[in-house]
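Residue-level structural notes
So you can see what is in the structure, the chains are spelled out below.
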Amino acid sequence: MAHKKLFIPGPVEVDEGVLKMMSTPMIGHRTAEWSDLQRRVSEKLQTLMYTSNPIILSASSGTGLLEMAIRCTTAKRAIVFSVGAFGNRWHAIAEGNGVPADKYEEQWGEGITADIVERYLSTGKYDVATVTHNETSTGVMNHLDELAEVFRRHPEVVWCVDAVSSLGGVKIQVDELGIDICVTSSQKALGLPPGLSLASVSEKAKKRAAEIGNRGYYFDMLQLLKYVEERNFQYPSTPAISHTYALDFSLDRILTEGLEARFARHRGMAEYVRSWAKKHFALFPREEYASDTVTCISNTRAISVKDLNNQLAERGFTISNGYGALKEKTFRIAHMAELRKNDLEELLGQIEEILGIGA
Ligand SMILES: Cc1ncc(COP(=O)(O)O)c(C=O)c1O
């Protein structure tokens, strides 16, 4: 079947250079060659994430590391700040692991405010809080800088951030913000195929993990860290070697583009799609929280999103329907990784033609 260009919020279009790196011949993972590769990738990720914290790689998708984060750091009780489906998932992960956790769920389309976070943390009930930076189901991007001020006042709380659909496209200054665990997946703004995830882990999170009796096995954060820090950039089991080669290549490209230029490109694409959405439909999220990597559009014309996508498919494009309860009520256009404004111009031109809505 002919390839359809992906404008969905992950997996994203993966360019040929990255795909080629995925087919690099294998090496043994208990070798100096592997350690070298993992160290290189970690150092580049530290640059991208503005952190000196160690980086954990995981041969799983991001959900695995979300599980690691909440399970390995909650000694008392976690509070999950949810603004949509992926925030809710983090709470379900806690429940599935028997981790005591409460959830505050914001109305979909809204972001989480500093006041809400303060209200919960000041109860003294919680030693972990999770925030979804970029909620892919609603197109909401939370304001981490505003929330960081609250977390600074509550140093007893380990702050975990899901940056799965933003890291690599949006600036996240992990150390300055004081994020203890920051998680992302390969298949979003890093521009890789799915199958690898990574997280930065602070000393505070590491100390907390040492107090937790049952951290599980595969996602035991202390085991993962031990292999990085004490065994010279190794992985407790077999790492995702192909993905790591591809990530090394992709990070070189990201750093060559320049971080500020990359973030500005994502912002520019987002602004372009947002202004189109406002002209022809409406934005689903409150605009001040609108995401720089995915735009969630309210289906104010009551079109059939399914039919639109079928017609787009015939022309070689794919967008996303709304997520869960938002299906057909919204649709989503992603603008992340290696897409450029002209790709979006082409896509939106096709949509206008199909819907007969003109420029
Ligand atoms: C915001 C967010 N969090 C978590 C996930 C889950 O990540 P993964 O599919 O890599 O496990 C996704 C996936 O789309 C996501 O968008």
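Residues numbered from 1 in each chain as written. Predicted model: local features only at pLDDT ≥ 70, side-chain atom pairs only at ≥ 80, totals over all residues. Heavy atoms only, no water.

A count of helical and extended segments in the protein gives 13 helices and 15 strands. Relative to its length of 359 residues, the protein is compact, with a C-alpha radius of gyration of 20 Å against a globular reference of 21 Å. Counting only C-alpha atoms, the protein reaches 60 × 55 × 35 Å along its principal axes. Counting the 359 residues in the protein, one finds 60% classified as buried. Residue pairs at least 24 apart in sequence account for 71% of intrachain contacts in the protein once pairs closer than 6 positions are excluded. As presented, the protein carries roughly 14,000 Å² of accessible surface, and 49% of it is formed by carbon and sulfur atoms. Treating the 41 positive side-chain charges of the protein as one cloud and the 46 negative ones as another, the clouds have centres 2 Å apart. (Helix = DSSP H or I, 4+ residues; strand = E, 2+ residues; numbered from the N terminus. Rg over C-alpha atoms; globule rule 2.2 N^0.38 Å. Buried < 20%, exposed > 50% of the residue type's maximum accessible area, 1.4 Å probe, protein only. Contact = heavy atoms within 4.5 Å. Areas by Shrake-Rupley, 256 points an atom, 1.4 Å probe, with all protein chains shown as cover. Lys, Arg positive; Asp, Glu negative; His and termini not counted. Charge placed at Lys NZ, Arg CZ, Asp CG, Glu CD.)

Quick look at the packing of helix α5 (residues 114–121) against helix α6 (residues 144–152) now. Between α5 and α6, the shortest axis-to-axis distance is 9 Å and the interhelical angle comes to 20 degrees. As far as their axial angle goes, α6 and α5 are roughly parallel. Between α5 and α6 lies a crossing whose hand is right-handed. Each of Ala114, Val117, Glu118 and Leu121 in α5 lies in contact with α6, whose residues at this interface are Glu146, Leu147, Val150 and Phe151. (Axes fitted to C-alpha atoms, helices over the stretch in contact; angles between N-to-C directions. Parallel < 35°, antiparallel > 145°, perpendicular 65-115°, else oblique. Left-handed = near helix turned anticlockwise from the far one by under 90°.)

Let's shift gears to unusual backbone geometry. The bulk of non-glycine residues show a negative phi, and the bulk of peptide bonds are trans. Of note, the bond from Gly10 into Pro11 is cis; its omega dihedral lies within 30 degrees of zero at -5 degrees. Position of Pro11 relative to the elements: it lies in the loop between β1 (5–6) and α1 (16–22). Non-glycine residue Ala302 carries a positive phi angle of around 50 degrees. Within the element layout of this structure, Ala302 appears in the loop between β12 (294–298) and α12 (305–314). By relative accessible area, Ala302 is classed as exposed at 66%.

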